Amino acid sequence: MRQAAESYNSAYVFSFENMRNLKFKEFREQLKSSSRFFLGSNKVMQIALGRSVSDEVRPGIHKVSKLLHGNAGLLFTNLSKEEVERLFNAYEEYDFARTGSTVTEQVELKEGPLEQFTHEMEPFLRKQGMPVRLNKGVVELVSDFSVCEEGKPLSPEAARILRLLGIKMATFRLHLICRWSPEDFELYIDRPDESDVEST
């Protein structure tokens, strides 16, 4: 990591939501020739870079350390600022929501036949709490059914039903927090708890 700090022009701290390893790997591959990503223990990364002016590996890089907490990662790159911002802002991958994630939209199914499911699916759907029965080999809902409610955590059953319905509710995104280069330091987002990290 210290070697990367020495050999690349700039460093960025980024945060992520709904991390998907496979999607992140694809994003990393895209930048492989010009950049290096680090994800891991924030404390270890802070120590590697230096937490204060006295132990930082390059001038001003301790400011980056202070922003490494929570779901954060580090990118060292030789790409231009504009190119990094463009790549991060454009990156968005939709995926199926996982158990416990916050529901972004209410999903309700109306009473009646569920043509998308085969008759073999009926016992499984019933196990997920859906009021279903077989009617002449067709799975049908006996009454309206609310799969999930907006703003509530997603249950394991609801997560399975959404997957079966093909509804993707999670968006894997990366957000830039700050940029460091030997010449300057820039904060992308205002954080009330970061008043001791000034942008130059």
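Attention here is on the structure that accompanies the text. (Residues numbered from 1 in each chain as written. Predicted model: local features only at pLDDT ≥ 70, side-chain atom pairs only at ≥ 80, totals over all residues. Heavy atoms only, no water.)

A word on the pattern of salt bridges
Considering all chains together, one arrives at 10 salt bridges under this definition. Measuring nitrogen to oxygen at the nearest pair gives 2.4 Å for the salt bridge that ties E122 to R126. Of this pair, E122 and R126 both sit in helix 6 (residues 122-127), 4 residues apart, roughly one helical turn. Take E122: its relative accessible area is 7%, and that puts it in the buried class. Linked by salt bridges that have partners in common, K81, E85, R179, D184 and E186 make up one network. (Salt bridge = Lys/Arg side-chain N within 4 Å of Asp/Glu carboxyl O. Helix = DSSP H or I, 4+ residues; strand = E, 2+ residues; numbered from the N terminus. Buried < 20%, exposed > 50% of the residue type's maximum accessible area, 1.4 Å probe, protein only.)

Observations regarding the packing of aromatic side chains
Per the counting criterion, the structure on display carries 7 aromatic pairs. With centroids separated by 5.7 Å and ring planes inclined at 80°, the aromatic side chains of F14 and F37 adopt a geometry described as edge-to-face. Of this pair, F14 sits in strand 1 (residues 10-17) while F37 sits in strand 2 (residues 35-38); the two residues are 23 residues apart in sequence, bridging distant segments of the chain. Accessibility assignment for this pair places F14 and F37 in one class, buried. Plain terms: the ring middles of F14 and F88 are 5.7 Å apart, the flat faces sit at 55° to each other, and that makes the pair tilted. You can see F14 sitting in strand 1 and its partner F88 sitting in helix 5 (residues 81-90), a full 74 residues away along the chain. Classification of F14 by relative accessible area gives buried; the value is 0%. These aromatic residues form a ring-pair network of at least three members: F14, F24, F27, F37 and F88. Sitting above the plane of the F96 ring, K168 keeps its charged end 5.4 Å from the centroid. (Phe/Tyr/Trp six-rings, centres within 6.5 Å; stacked < 30°, edge-to-face > 60°. Lys NZ or Arg CZ within 6 Å of the ring centre and 35° of its normal.)

Notes on the sheet that holds strand 6 (residues 112-113)
Here 3 strands make up an open sheet; going across it, the order is 6-8-7 and the pairing antiparallel. Across the chains shown, the open sheet's two edge strands, defined by having one partner strand only, are strand 6 and strand 7 (132-135). As defined by bridge partners, strand 7 adjoins strand 8 (residues 138-141) across 4 bridges and the pair is classed as antiparallel. Along strand 8, the bridge assignment pairs R133 with E140. (Pairing = 2+ DSSP bridges.)

Topic: the pairing of strand 1
Of all 8 residues making up strand 1, 7 are buried, and the element is well covered by its neighbours. For strand 1 and strand 3 (residues 72-77), the ladder comprises 6 bridges, and the chain directions are antiparallel. Along strand 3, the bridge assignment pairs Y12 with L75. Here 7 bridges tie strand 1 to strand 10 (residues 170-180), and the two strands are oriented antiparallel to one another. Residue pairing for strand 10: E17 is matched across the bridge by R173.

Some points on the side chain of S65
One can find S65 in helix 4 (residues 62-66). Taking relative accessible area as the criterion, S65 reaches 1% and is therefore assigned buried. Those residues in contact with S65, other than ones at most four positions away along the chain, are M45, Q46, L49, G50 and R51. (Contact = heavy atoms within 4.5 Å.)

Section: the environment of T171
As for its placement among the helices and strands, T171 is situated in strand 10. With 80 residues separating them along the chain, T171 and Y91 place their C-alpha atoms 10.0 Å apart.

Points about helix 5
Along helix 5, the residues classified as buried are V84, L87 and F88. Down the axis of helix 5, the sector holding all buried residues measures 95°, keeping them to one side. Exposed side of helix 5, more than 90 degrees from the buried face: E82, N89 and A90 are the residues found there. Packing partners of the buried residues in helix 5 comprise strand 1, helix 2 (21-30), strand 2, strand 3 and strand 10. (Arc of directions from axis to C-beta.)

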